[in-house]
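What follows is each chain in one-letter form.
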Amino acid sequence: MKKIVHVAAAVITRPDGCVLLGQRAPDTFYPGYWEFPGGKVEAGETPHDALVRELSEELDMEVLEAYPWLTREHLYEHAHVSLHFFEVAAWRGEIHDRVHAALSWQHPERFEVGPMLPANGPILKALRLPRRMAITRAGEIGCDAQLAELDKALGAGLRLVQIREPSLPIDKRETFARNVVARCHEHGALAMLNEDIDLACRIGADGVHLPARQLMSLEKRPELEWVGASCHTRDELLKAASLELDYALLGSVAPTASHPERSPLGWPAFAGMIKGLPLPVLALGGLAPDDLLQAKFHGAHGVAGIRSFWKA
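Treat the numbers as computed from the prediction; the structure is a model and nothing was measured.

Cut-offs used in this document
Residues numbered from 1 in each chain as written. Predicted model: local features only at pLDDT ≥ 70, side-chain atom pairs only at ≥ 80, totals over all residues. Heavy atoms only, no water. Pairing = 2+ DSSP bridges. Helix = DSSP H or I, 4+ residues; strand = E, 2+ residues; numbered from the N terminus. Core = buried A, V, L, I, M, F, W, Y, C linked by side-chain atoms within 4.5 Å. Buried < 20%, exposed > 50% of the residue type's maximum accessible area, 1.4 Å probe, protein only. Contact = heavy atoms within 4.5 Å. Phe/Tyr/Trp six-rings, centres within 6.5 Å; stacked < 30°, edge-to-face > 60°. Lys NZ or Arg CZ within 6 Å of the ring centre and 35° of its normal. Disulfide = S-S within 2.5 Å. Axes fitted to C-alpha atoms, helices over the stretch in contact; angles between N-to-C directions.

## Brief notes about the pairing of strand E8 (residues 132-135)
- Across 3 bridges, the pairing between E8 and strand E15 (residues 302-305) is parallel. For Ala-134, the partnering residue across the bridge sits in E15 and is Gly-305.
- In terms of strand pairing, E8 meets strand E9 (residues 160-163) through 2 bridges, oriented parallel. Note that in E9 the partner of Ile-135 across the bridge is Gln-162.

Here it is as structure tokens:
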């Protein structure tokens, strides 16, 4: 068995959403392939330390903000690597490349360079997942009121919606879900239907969101483009990872009005539970869209919620 080599990798992000890729030089493994900048974690370093050092050496960049994101393992012919991805949102200095054959800023929705290093393939899809998810509540406020909130939120930039309406009658739920999917697709937003895989396929939803009990009962991933799950424990998160789901929700981070009986995790416990996972995790429970930066600081991909997310 090959020794695991730990590598720090940087998703360097501009305000327009583009990320920086480097093309590997001719005298390296996989010459000509594109990758996220970074390098090997040396003895005595943390992955964050290695990231800061490597970006200084490779790109003449002083890292100001770097948030832990995903950890993925990949077995190459020459090495077994554990890639610690960070989102680098702010830096100082003009970028000067010192090791790559070329650099290119690329938008996750339309990558125009290739091929990518095999270990980086799943990262490209994860980058397409929006950072804020709003969860519907038509059963509480009425379908018309929810659709009005949806129209306003989509117009303001919302791009990820979970349709969760267990209290609606089946026929009314399908009609409502079809309306949500149509509105989301008009704005280029993803619409995830909670639990009902068959209905998700029938109405053209982008994917299905699995409750924890449904997640734990499955042996394979549902055949939809996007599949996520609600999780409350480390075991449930590991199950989501083993099924190669696209994301997970974890909560409740803070006290919530919908589940006042649950003890909140708090941010330190949240960060500990998601550490080392290969899939994006959105924080849920008692949060607002403005909590995104705090969530990223603790390793989350984004935030999700119900009431406050329709006010944004």
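More follows now that the structure is in view.
## Side note on the nonpolar core
- Ranked by size, the top nonpolar core spans 54 residues in total, and within it Leu-237, Leu-245, Phe-270 and Ala-283 carry the most contacts.
- Not counting chain neighbours up to four residues away, the residues in contact with Ala-283 comprise Leu-250, Val-253, Trp-267, Phe-270, Ala-295, Ala-300, Gly-302, Val-303 and Ala-304.

## Thoughts on the packing of aromatic side chains
- Here the structure, examined in full by the defined rule, presents 6 aromatic pairs.
- On the basis of an interplanar angle of 85 degrees and a centroid distance of 5.0 Å, the ring pair of Tyr-30 and Tyr-33 is categorised as edge-to-face.
- Site record: aromatic cluster; members linked through ring pairs are Tyr-30, Tyr-33 and Tyr-76.
- For Lys-125, the ring lying beneath its charged end belongs to Trp-226, and the centroid distance is 4.7 Å.

## Brief notes about the state of the cysteines
- Under the criterion given, the structure shown has 0 disulfides.
- Counting only cysteine sulfurs, Cys-143 is the nearest neighbor of Cys-184, a cysteine outside any disulfide, at a range of 14 Å.
- Cys-184 gets classed as buried once you look at its relative accessible area, which sits at 0%.
- Cysteine Cys-201 is unpaired, with the sulfur of Cys-184 as its nearest cysteine sulfur at 17 Å.
- For Cys-201, a relative accessible area of 48% gives the class partly exposed.

## Some points on the sheet that holds strand E6 (residues 80-92)
- Strand order in the open sheet formed by 4 strands is E4-E1-E6-E5, with mixed pairing between adjacent strands. In this open sheet, the two strands that pair with only one neighbour each are strand E4 (38-40) and strand E5 (62-75). Between one strand axis and the next, the sheet turns by 20 degrees as a mean value, whatever way the strands run.
- Pairing geometry for strand E1 (residues 4-12) and E6, over 9 bridges, is parallel. Bridge pairing in E6 links Ile-4 to His-80.
- Running at roughly 130 degrees to E5, helix H2 (residues 121-128) makes contact with E1, E5 and E6 of the sheet.

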